[in-house]
Amino acid sequence: MADSMEIDDSLYSRQRYVLGDSAMHQMAQSSVFLSGMGTLGVEIAMCVRLCDVWDLGTNFFIREEDVQKQKKRVEAVHSRVAELNPYVQVNSSTVALDDITDLSFLLQYQCVVLTETSLNLQKRIDHFCHSQRPPIKLHHPKLYPLKIFVACDVLGMCSRVFCDFGESFEVWDPTGEEPKELFIQNITQENPGVVMCLDNRMHGLQTGQSVCFREVNGMTELNGTTHQIKVLSPYSFAIGDTSSFQSYLHGGILRTVRVPRTFHFATMEQQLHDPKLLIPDFSKPEVPLQIHTTMMALDLFQEHHSRLPIACMNAALVRCVSRCARGCLAPLAAAVGGIASQEVLKALTGKFMPLQQWFYLDALEVVQPLQTLPLEEFASRGDRYDALRVCIGESLLSELHKLRVFMVGCGAIGCEMLKNFALLGVGLARCSGEICITDPDLIEKSNLNRQFLFRPQHIQKPKSITAAAATLDINPELRLEAHLNKVCPATEDAYNDTFYSQLSVVVTALDNVEARRYLDSRCVSNQKALLDSGTMGTKGHTEIIVPNLTESYNSHRDPPEEEIPFCTLKSFPAVIEHTIQWARDKFESAFSHKPSMYNTFWQSHLSTEDVLHRMKAGESMDGAFQVIKLLSRRPARWEHCLALARLKFDKYFKRKALQLLHSFPLDTRLKDGTLFWQSPKRPPNPIEFDIKDPLHFGFLVSTARLFAGIYNVPYTEKSLSFESVSGVLTDVTIPEYKPAEKRIETDETVKKPDQMKLTVSSAEEREAISQLEEAITTGFVTQECLRMSPLVFEKDNDSNGHMDFVEAAATLRARMYAIAPADRLQAKRIAGKIIPAIATATAAVAGLVALELIKVAGAYGFESFKNCFFNLALPVVVLTETAQVKRTRIRDDISFSIWERWSIVGHEDFTLSDFLSAVREKYGIEPTMVVHGVKMLYVPVMPGHSKRLKLTMQKLVKPSANRKYVDLTVSFAPEADGDEDLPGPPIRYHFCNRA
């Protein structure tokens, strides 16, 4: 990129949260050499050889016209890689890189990446790179000291990555994890001193980590010092000798500290014979070394014969690998390309731990069941699928072509999945296959950084439609239908059981748990496989759910996210996250929730006169007090908006502090004699408004702009100037503060009250009636006055003032409580609940899912499927077996799994009693309770339920006109009296015999 670069946050915001600005700037000033524009090379870049039909099934940047025109691969790919990011300069060369090439030209690059290169050349270039130690002193500003060598290959069903970061490579941030802050309960005065976390909170630390202390009272010697820890329990850890320190009194915060690490690497020549291997599957720890040896043999074969073998009759593994070596499995290239690309970023930035030194990833579970097939299955047909056919054979390839896939979500993972579908030939029109995708979102600029099917001209266009068009550009043989729907209960008419019955598999590319849970329930109900995946920064996971073989997504539940207590947000913030969340909540309350409530209230009432009449009659009306308050304070001009903003400043940052200190003076003590104001509680300091303070001025203007937005008040750019604002404020009167005798909540278990249901005093009611009466009699109330424009928080639009308000409000509150402030980037991440994302993890996770899709197409057995978790920062890749489906026992001879469903067919006059008898007769067990959704149809102990036995199922369930069946939850009688009722599978009740 350019030598000096201001980071474009609208494009790079998600990646900035993964790498940080320092690493981003280092990347921008880096220079990388990439050799090879085949499947793996283009995955890394996103050469010299001419394009051919083979490339159409492996290289997503090569089109049919490139093959027809006999373009060189590098020429065909160059422009399409370059358009991915206008900030990045991409140059190409068709000069051969071979055993006699003068390698001095590599001195201008910081990192060299080789693909599709002979082993001898890899060793030669690695030796050249490794020998540049210490770094060469170069005078030309465009030349960088050579540091890193990365080589990667995909040979059929096997892939490898090799890294050499030199004799000594320092990593300044090994894990990339955000520093963690913890509050201290106690520190012992001994050797070694033991630190206890507040309220027995688990610290989540590991032995060897370092922490820094601050705000410790009593044992002040610790403040500002850093100590390496030894974990003693989930709640405590040991530090150094504290026996000579003062006694600990109270308070204190510790923060984890990043400690740089130095890594040492051997050359490829040395590593070939004594390899350091990353093991991804601990059920087969011997396989990486076996594949290492086999791929070395393939390298030697290629050296001697200038080609890869067509087949080999050696041991099973060698035979399996060698037979496929000419081919290419595009998803495997995607996965290993993502991993290799992350290693390149590590080389350029010094962030995250580098791979030491070999990583092998295979897809042997795909190919091993195919070993008995005749060689004709793998013969070339002269089409775009030959590279894939060599690996998996014609029969399995045909199953891929016939797949009918429903993919939900067309974001980063969705785009990568569609690319893999196109290269695999999933859902071909001529084979009656189909891909249906849906996503209601429009393309934003921030998407372009990692959702590679989209370009700048696509901004504000639908993701699904745009992604479909781009996918068909890669492979026009697909049948692809794009929808703009959410997948939720509200769209079950579109995505009904008939729709699911036509599917082969469902793929998720979602960013929230709730949608995953819903989609999983639909797949279980309809007996469809579900392939789920997700990423967060450099971390990724895949989960494969197959009917009757595995557990489902809903079979396990992660613990809920810990919520910030209401009283902490309202009165006792302790860390910057609390103040940012408080500011975000203030935005929602003042500029979204209240305007929406205001509109709803006036839409449901005839007129202001009617409301006044009913209030005078003593009628209770939910929300009336809050609505009339908003009406009476409604600003008519920009000056009024500024006045409201000035009053808000006083309320939030001065009066709140004064009231807290009035209710809890600094010397307040609890019943046990300890100080009330001790960590984590921090006493507030009232802030006096100063228009010359940029933070004060920023809060005032951003708040006034938001008020103008919800009340539809016009203003000009000139109105925002310092002179104009200060002139308006001279006429604003700030009421004198008078402390109130009110109770301030300190109980952390108390939830936020419902504003609509707050008790209103008689005095407040009289005031509201008076205000409404005055507004009516003065003619203030018009139809326009009864409407507001609620705002929807948009974090990525810097022109709307939303983040300006949140940042200013959060920073002022942090200042009031003496909390270290956050920068805008951090405030935006927390307020917008942004999930950090990077393209490397996205490519890896989508490739891994696509490999499992091949197994689904082939109807493979349980042992073949693999879930995966990885963290490319460490790097760790762990492949595990999927969770095998469990059976729940009802009685000795009756059990069921989550995939099973019983059924009863009724008729128009079929009663509840008939239903219970039919279940008893068909399944040999006594039903005791029947529930439909949240409605209890039959519970014997409930009054009146025995009378329901004579009612028809039609009358009890009340189905819609076109509803043919419902799924009921039924409990069964226990084997022994006094035991609890037994659960059973869902029972699908059909209202009539459809035959």
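It should be emphasised that the depicted structure is a prediction, and the values quoted were computed from it without experimental measurement.

About the criteria used
Residues numbered from 1 in each chain as written. Predicted model: local features only at pLDDT ≥ 70, side-chain atom pairs only at ≥ 80, totals over all residues. Heavy atoms only, no water. UniProt positions renumbered as here; feature names shortened; annotations may be inferred. Helix = DSSP H or I, 4+ residues; strand = E, 2+ residues; numbered from the N terminus. Salt bridge = Lys/Arg side-chain N within 4 Å of Asp/Glu carboxyl O. Buried < 20%, exposed > 50% of the residue type's maximum accessible area, 1.4 Å probe, protein only. Patch = residues over 30% accessible without salt bridge, like charges linked within 9 Å, V, L, I, M, F, W, Y side chains within 5 Å. Areas by Shrake-Rupley, 256 points an atom, 1.4 Å probe, with all protein chains shown as cover. Phe/Tyr/Trp six-rings, centres within 6.5 Å; stacked < 30°, edge-to-face > 60°. Lys NZ or Arg CZ within 6 Å of the ring centre and 35° of its normal. Pairing = 2+ DSSP bridges. Axes fitted to C-alpha atoms, helices over the stretch in contact; angles between N-to-C directions. Contact = heavy atoms within 4.5 Å.

Just give me the short version of the UniProt feature "domain: Ubiquitin-activating enzyme E1 C-terminal" (unreviewed entry) in the protein chain, but keep the residues and values in it.
Listed under "domain: Ubiquitin-activating enzyme E1 C-terminal" (unreviewed entry) in the UniProt record, and renumbered for this structure, are residues 865-987. For the annotated span residues 865-987, helix accounts for 14% and strand for 36% of the residues, and the straight-line distance between the end C-alpha atoms is 30 Å.

Can you lay out the pattern of salt bridges for me, pointing to particular residues and giving the numbers?
Side chains carrying opposite charge are able to pair once their charged atoms draw close together. With the rule as written, the count across this model stands at 59 salt bridges. Two residues, Asp-173 and Lys-351, come together in a salt bridge whose shortest N-O distance is 3.5 Å. Of the two residues, Asp-173 sits in the loop between β5 (169-171) and β6 (181-187) while Lys-351 sits in the loop between α11 (330-349) and β15 (358-362), which places them 178 residues apart along the sequence. An identical accessibility class is assigned to Asp-173 and Lys-351; each is buried. Salt-bridge contacts for Lys-654 lead to Glu-688; the nearest nitrogen and oxygen are separated by 3.3 Å. Linking Lys-654 in helix α22 (residues 638-663) with Glu-688 in the loop between α22 and α23 (694-711), this pair joins segments that are 34 residues apart in sequence. Classification of Glu-688 by relative accessible area gives exposed; the value is 55%. By sharing partners, the salt bridges in this structure join Asp-9, Arg-14, Arg-16, Asp-21, Asp-796 and Lys-828 into a single network.

Tell me about a nonpolar patch on the surface, residues and numbers included.
On the surface, Met-936, Val-941 and Met-942 cluster together into a nonpolar patch covering about 290 Å² of accessible area. Position of Met-942 relative to the elements: it lies in the loop between β28 (935-938) and α30 (953-957). For Met-942, a relative accessible area of 31% puts it in the partly exposed group.

Give a description of the packing of aromatic side chains that names residues and reports values.
When we look at a pair of aromatic rings, we describe it by the centre distance and by the angle of the planes. Here the structure, examined in full by the defined rule, presents 44 aromatic pairs. Judged by centre distance (4.9 Å) and plane angle (85 degrees), the rings of Phe-165 and Phe-169 are edge-to-face. By relative accessible area, which is 0% here, Phe-165 ends up buried. When the centroid spacing of 6.4 Å and the interplanar angle of 75 degrees are considered together, the rings of Tyr-598 and Trp-602 count as edge-to-face. Taken together, the residues Tyr-598 and Trp-602, both in helix α19 (residues 576-603) and four residues apart, mark about one turn of the helix. Classification of Tyr-598 as buried rests on a relative accessible area of 1%. What links up through ring pairs into an aromatic cluster is the set Trp-582, Phe-587, Phe-591, Phe-649, Tyr-652, Phe-653, Phe-689, Phe-699, Phe-707, Tyr-711, Phe-793 and Phe-805. Cation over ring: Lys-681 sits above Phe-676, and NZ or CZ is 5.3 Å from the ring centre. Taking NZ or CZ as reference, Arg-813 lies 4.4 Å from the ring centre of Trp-582, over its face.

Tell me about the sheet that holds strand β16 (residues 404-408), residues and numbers included.
Adjacent strands of a sheet form backbone hydrogen bonds with each other and so pair up, either parallel or antiparallel. In spatial order, the strands read β18-β17-β16-β19-β20-β21-β22-β23; together these eight strands make up an open sheet with mixed pairing. Unpaired on one side and paired on the other, β18 (480-483) and β23 (876-881) mark the two borders of the sheet. Averaged over all neighbouring strand pairs, the angle between strand axes comes to 15 degrees, with direction disregarded. Direction of pairing for β16 relative to strand β17 (residues 434-438): parallel, over a ladder of five bridges. The residue of β17 that forms the bridge with Val-408 is Thr-438. Here helix α14 (residues 412-424) sits on the sheet in contact with β16, β17, β18, β19 (505-508) and β20 (529-536), set at roughly 165 degrees to β16.

Now, about the side chain of Asp-8: what can you tell me, with residues and values included?
Mapped onto the secondary structure, Asp-8 falls in the segment before α1 (9-19). According to the relative accessible area criterion, Asp-8 is buried, its value standing at 11%. Residues in contact with Asp-8, not counting those within four places in the same chain, are Tyr-87 and Lys-445.

An account of the pairing of strand β24 (residues 888-891) is needed here, citing residue identities and associated values.
Looking along a regular strand, one sees the side chains alternate between the two faces of the sheet. Direction of pairing for β24 relative to strand β25 (residues 894-896): antiparallel, over a ladder of three bridges. Bridge pairing in β25 links Arg-889 to Ser-895. In sequence, β24 turns back onto β25 through a hairpin of two residues.

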